[in-house]
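Notes for the structure review
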Amino acid sequence: MNLIQVDQEKCIRCGFCAEVCPMGVINMDQQGPQATGNNCIACGHCVAICPHEALENIKTPLAEQVPVEKVPVLDADTAIRFLRTRRSIRRYTQKAVPREKILQLLDAARLAPTGANSQGVAYHVIDNADTLRKITDVIVDWMEEQVQKGSPWAPYYAGPVHTYRKTGQDVILRGAPCLVVSIAAKNFLPRGRDNTHFSLAYAELYAPSIGLGTCYAGIFESCAVAGYPPLLKLLNLSEDMAVTGGLMVGYSQHTYKRLVNRNLLQVTWE
């Protein structure tokens, strides 16, 4: 089957599909849109832009797209308030997160933009409390090794290591009942890591709407990327896959009452 099909009765030859295609897959001639043979990245722009549903693309079918009229558009004030309400949650209840909710969260994450629509991010979810405790334990071991070696991060790691050794407080995963580990093929790096950060940002923004709190697991990611064997053994991933990020997920113990400010905007113009 051809990549694109055109309903000649509906097509008005506006050329929008060709204009928005990032890969030059579509050309316009007197008969309307024509495939050029260039590689299609299945971004869906050509189908989504058509004002009369005249274009079909086998890689991104019209039937799988949702009309924009059904999607509410936030006004600017509501949108910025929504963005600012995202908080990193580091205090969780011990209530387990249903796997259906985790799937709902990650289904939103997969919709994030990725370089050339390459996507390529998968998820390994850990919600076993014993495994989570072991992950914290081996990461603290790794941090302690970094302190002893005089790593540039030693001043940052020393405090959490001391707290964990003295009190047993979870300074890594913060007691979260679930850890989402993002993974990508090793031969897809560094693009896989970049795509991951977009995807997990979507997850963090979406989480509060389904009652969840999240926090980026930066120390976990650092330890995994360093290739620390005890951690990789616990994760038990395929040899061809690499950890590209981590997200703690759970129900927050607290509700924040105010929006936090950031540093002043810095912009230069040329």
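Above this text sits the structure in question.
Residues numbered from 1 in each chain as written. Predicted model: local features only at pLDDT ≥ 70, side-chain atom pairs only at ≥ 80, totals over all residues. Heavy atoms only, no water.

**Topic: the state of the cysteines**
Per the stated rule, a full pass over the model turns up 0 disulfides. Here Cys21 stays unpaired: no disulfide links it, and the sulfur of Cys43, its closest cysteine neighbor, is 6.1 Å away. On the accessibility criterion, Cys21 (17% relative accessible area) is buried. In this structure Cys215 is a free cysteine whose sulfur lies 14 Å from that of Cys178, the closest cysteine sulfur available. Among the residues examined, Cys215 registers a relative accessible area of 3% and is labelled buried. (Disulfide = S-S within 2.5 Å. Buried < 20%, exposed > 50% of the residue type's maximum accessible area, 1.4 Å probe, protein only.)

**Quick word on helix H4 (residues 99-109)**
Within the span of H4, buried status applies to Ile102, Leu105, Leu106, Ala108 and Ala109. Around the axis of H4, the buried residues are gathered within 150 degrees of arc, so they sit on the same side. For H4, exposure combined with an orientation more than 90 degrees from the buried face picks out Glu100 and Leu103. (Helix = DSSP H or I, 4+ residues; strand = E, 2+ residues; numbered from the N terminus. Arc of directions from axis to C-beta.)

**Describing the pattern of salt bridges**
In this structure the tally under the stated criterion is 9 salt bridges. In this structure, Arg86 engages Glu204 in a salt bridge whose closest nitrogen and oxygen atoms are separated by 3.1 Å. One end of the pair, Arg86, is in the loop between helix H3 (76-84) and H4; the other, Glu204, is in helix H7 (residues 191-206), and 118 residues separate them in sequence. Here Glu204 falls in the buried class, since its relative accessible area comes to 10%. Beyond isolated ion pairs, a larger network of salt bridges with shared partners links Asp130, Arg133 and Lys134. (Salt bridge = Lys/Arg side-chain N within 4 Å of Asp/Glu carboxyl O.)

**A few points about the nonpolar core**
Inside soluble globular proteins, nonpolar side chains tend to come together where they are buried. Within the largest apolar cluster, 31 residues are counted, with the highest numbers of intra-cluster contacts made by Ile135, Ile139, Phe220 and Leu231. Of all the elements in the fold, those that place two or more residues in this core are helix H5 (129-148), helix H6 (154-167), strand E6 (178-185), helix H8 (218-225), helix H9 (229-235) and strand E8 (241-250). For this core, the leading source of residues is H5, giving 7 residues. Residues in contact with Phe220, not counting those within four places in the same chain, are Ile135, Ile139, Leu179, Val181, Leu231, Leu235, Val243, Gly245 and Gly246. (Core = buried A, V, L, I, M, F, W, Y, C linked by side-chain atoms within 4.5 Å. Contact = heavy atoms within 4.5 Å.)

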